[in-house]
Amino acid sequence: GEGRMAAPEGEVARVRITVVDFSLERPLVGLDLDTSQVSGAKLARVPVLRIYGSTSGGQKSVVHVHRVFPYILVRLDASLPVDLGDEAAVASLIVDLSRS
């Protein structure tokens, strides 16, 4: 089964990072988002960062980081007039960008 560990309250888990990658996994109930906040569509897979490394004691470790989504910056100019105060228009633009 999957093991999950959390540092005791007040303690910090430290890992010397050797490799970082990601995988697309089925959303875990109570941990991941299962619905797109933009389109409202169900998410079949969500990105999970995997951080590989070792602790100061030399133990090998892998840390899974959930709820980290890629993002982009889109500069809007006069050629793409969108009223940023219009949430529906902004959501529509985001959906259009995700389909392109």
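Please refer to the structure placed before this passage.
Residues numbered from 1 in each chain as written. Predicted model: local features only at pLDDT ≥ 70, side-chain atom pairs only at ≥ 80, totals over all residues. Heavy atoms only, no water.

Asker: What am I meant to see in the environment of phenylalanine 22 here?
Answerer: With respect to the element layout, phenylalanine 22 can be found in strand β1 (residues 16–25). With a relative accessible area of 54%, phenylalanine 22 lands in the exposed category. When the C-alpha atoms of phenylalanine 22 and isoleucine 51 are compared, they prove to be 8.4 Å apart, with 29 residues separating the residues in sequence. Filtering out sequence-adjacent residues up to four positions away, phenylalanine 22 remains in contact with Val48, Leu49 and Arg50. (Helix = DSSP H or I, 4+ residues; strand = E, 2+ residues; numbered from the N terminus. Buried < 20%, exposed > 50% of the residue type's maximum accessible area, 1.4 Å probe, protein only. Contact = heavy atoms within 4.5 Å.)

Asker: Any chance you could explain the side chain of histidine 66 here in plain terms?
Answerer: Relative to the elements of secondary structure, histidine 66 occurs in the loop between β3 (60–65) and α1 (87–99). At 2.8 Å, the side chain of histidine 66 forms a polar contact with the side chain of aspartate 32. Each residue touching histidine 66, except ones within four places of it in the same chain, is listed here: Leu28, Leu31, Asp32 and Val48. (Polar contact = N/O pair within 3.5 Å; in protein donor to acceptor, adjacent residues only side chain to side chain.)

Asker: Looking at this structure, I do not really get the pairing of β1. What am I missing?
Answerer: Regular strands show a simple pattern: their side chains alternate between the two faces of the sheet. Sparse coverage of β1 is indicated by the burial of 1 of its 10 residues. Judged from the 9 bridges that link them, β1 and strand β2 (residues 46–54) form a sheet pairing that is antiparallel. When the sheet's bridge partners are listed, arginine 16 is paired in β2 with serine 54. (Pairing = 2+ DSSP bridges.)

Asker: Hey, could you run me through the pairing of β2 in this one?
Answerer: Two elements, β2 and β3, share 6 bridges in a ladder whose sense is antiparallel. Paired with isoleucine 51 across the strands is valine 63, a residue of β3. Counting the residues between successive antiparallel strands, the hairpin from β2 to β3 contains 5 residues, one of them, glycine 58, with a positive phi of roughly 90°.

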